[in-house]
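Survey of secondary and tertiary structure
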Amino acid sequence: DAEITQSPRHKITETGRQVTLACHQTWNHNNMFWYRQDLGHGLRLIHYSYGVQDTNKGEVSDGYSVSRSNTEDLPLTLESAASSQTSVYFCASSDRRSSYNEQFFGPGTRLTVL
Amino acid sequence: AQSVAQPEDQVNVAEGNPLTVKCTYSVSGNPYLFWYVQYPNRGLQFLLKYITGDNLVKGSYGFEAEFNKSQTSFHLKKPSALVSDSALYFCAVRGSYGQNFVFGPGTRLSVLP
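Residues numbered from 1 in each chain as written. Chains lettered and ligands numbered in written order. Predicted model: local features only at pLDDT ≥ 70, side-chain atom pairs only at ≥ 80, totals over all residues. Heavy atoms only, no water.

**Remarks on the state of the cysteines**
Evaluation of the coordinates by the stated rule reveals two disulfides over all chains. Paired by a disulfide, Cys23(A) and Cys91(A) hold their sulfur atoms 1.8 Å apart. Taking the torsion about the sulfur-sulfur bond, which here is approximately -70°, the covalent link between Cys23(A) and Cys91(A) counts as left-handed. Placement of the pair is Cys23(A) in strand β3 (residues 19-25) and Cys91(A) in strand β9 (residues 87-94), with a sequence separation of 68 residues. In this structure, Cys23(A) and Cys91(A) share a single accessibility class: buried. Here Cys23(B) pairs with Cys91(B) through a disulfide, and the sulfurs are 2.0 Å apart. Between Cys23(B) and Cys91(B) the sulfur-sulfur dihedral comes to about -65°; the bridge is accordingly left-handed. Highlighted residues: Cys23(B) in the loop between β3 (19-21) and β4 (24-26) and Cys91(B) in strand β10 (residues 87-95), separated in sequence by 68 residues. (Disulfide = S-S within 2.5 Å. Helix = DSSP H or I, 4+ residues; strand = E, 2+ residues; numbered from the N terminus. Buried < 20%, exposed > 50% of the residue type's maximum accessible area, 1.4 Å probe, protein only.)

Have a look at this one:
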């Protein structure tokens, strides 16, 4: 069965360190997204990609970067981790063929920045 | 700008009773509306969506939602709640001009036995 996976599931790091969160999907979807989930805010879009070599900034992109070298993967990098980036991060993907297709979500990565 | 409001942080309902989780939205163009559910330590799971057509849409696990254009609402409903329905529910909207999804803050549903 097709799926979307994230690793690691839990990560503790220190302020100032670079951190990369992995996202891998086997749906063969063109669209991929990164969100962060914080209490009272729901999900907020960090970055998104509509295909290989395409990346775009979302609502809360400062301090984050992504790259898309293939269809399956969209890693999220925190350049210099800050305590404000402690959150749960979700990756999602969707089929490009229709603008109203639902997104499929990974299980999430809980990141703690000390 | 797109926005989604879920006016209730928490909804409590007794098992067997009907439940409603409210959602209102603002979007440019025609709305594409979605409901997702999140169980503890899990990602979001798609429940149902409204694109066009019948205002009452049916989805997974016996849930349904009613689209009301004049009230810009898309409330989630279920005729008879189960304890296993207890979870966090998110409403999301996307406009027909190709904007990205916007999610509401979530409503925590507790179904009491």
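**Topic: unusual backbone geometry**
Along the chain, Ser7(A) connects to Pro8(A) via a cis peptide bond; the corresponding omega equals -5°. In this structure, Thr72(B) takes a positive phi of about 45° despite not being glycine. One can find Thr72(B) in the loop between β8 (64-68) and β9 (73-78).

**As for the environment of Asp73(A)**
Residue and element names in this part refer to chain A. As for its placement among the helices and strands, aspartate 73 is situated in the loop between β7 (64-66) and β8 (76-78). Ignoring sequence-local partners within four residues, the contact set of aspartate 73 consists of Cys23, His24, Met32, Ser67 and Arg68. Reaching out from aspartate 73, the side chain makes a polar contact with the side chain of histidine 24 at a distance of 2.8 Å. (Contact = heavy atoms within 4.5 Å. Polar contact = N/O pair within 3.5 Å; in protein donor to acceptor, adjacent residues only side chain to side chain.)

**Looking at the sheet that holds strand β1 (residues 4-7) of chain A**
Think of a sheet as strands paired side by side through backbone hydrogen bonds, with each pair either parallel or antiparallel. All names here are of chain A. The strand order across the open sheet formed by four strands is β1-β3-β8-β7, and the pairing between neighbours is antiparallel. A strand with exactly one partner marks an edge of an open sheet, and here the two such strands are β1 and β7. On average, each strand axis in the sheet is tilted by 20° relative to the strand beside it, whichever way the strands run. The pairing of β1 with β3 spans four bridges and is classified as antiparallel. Residue pairing for β3: glutamine 6 is matched across the bridge by cysteine 23. (Pairing = 2+ DSSP bridges. Axes fitted to C-alpha atoms, helices over the stretch in contact; angles between N-to-C directions.)

**A closer look at the packing of aromatic side chains**
Counted by the stated rule, this structure contains 17 aromatic pairs over all chains. Judged by centre distance (5.6 Å) and plane angle (50°), the rings of Phe63(B) and Tyr89(B) are tilted. With Phe63(B) in the loop between β7 (56-58) and β8 and Tyr89(B) in strand β10, the pair connects residues that are 26 residues apart, well separated along the chain. Residue Tyr89(B) is classed as buried on the basis of its relative accessible area, which comes to 0%. Between Phe101(B) and Phe103(B) the ring centres are 6.1 Å apart and the planes differ by 25°, which places this aromatic pair in the stacked class. Feature note: the residues Phe33(A), Tyr35(A), Tyr48(A), Tyr50(A), Phe105(A), Phe34(B), Tyr36(B), Phe46(B), Phe101(B) and Phe103(B) constitute an aromatic cluster, connected by ring pairs. Its guanidinium or amino end placed over the ring of Phe63(B), Lys78(B) lies 5.0 Å from that ring's centre, counting from NZ or CZ. (Phe/Tyr/Trp six-rings, centres within 6.5 Å; stacked < 30°, edge-to-face > 60°. Lys NZ or Arg CZ within 6 Å of the ring centre and 35° of its normal.)

**So, the side chain of Thr77(A)**
Residues and elements named next belong to chain A. Tracing the sequence through the fold places threonine 77 in strand β8. Under the relative-accessibility criterion, threonine 77 is labelled buried at 15%. A polar side-chain atom of threonine 77 sits 3.1 Å from a polar atom in the side chain of threonine 20.

**A few points about the pairing of β3(A)**
Residue and element names in this part refer to chain A. Because side chains alternate across β3, one face comprises the buried residues Val19, Leu21, Cys23 and Gln25, and the other comprises Thr20, Ala22 and His24, none of which is buried. In terms of strand pairing, β3 meets β8 through three bridges, oriented antiparallel. Across the sheet, valine 19 pairs through a bridge with leucine 78, a residue of β8.

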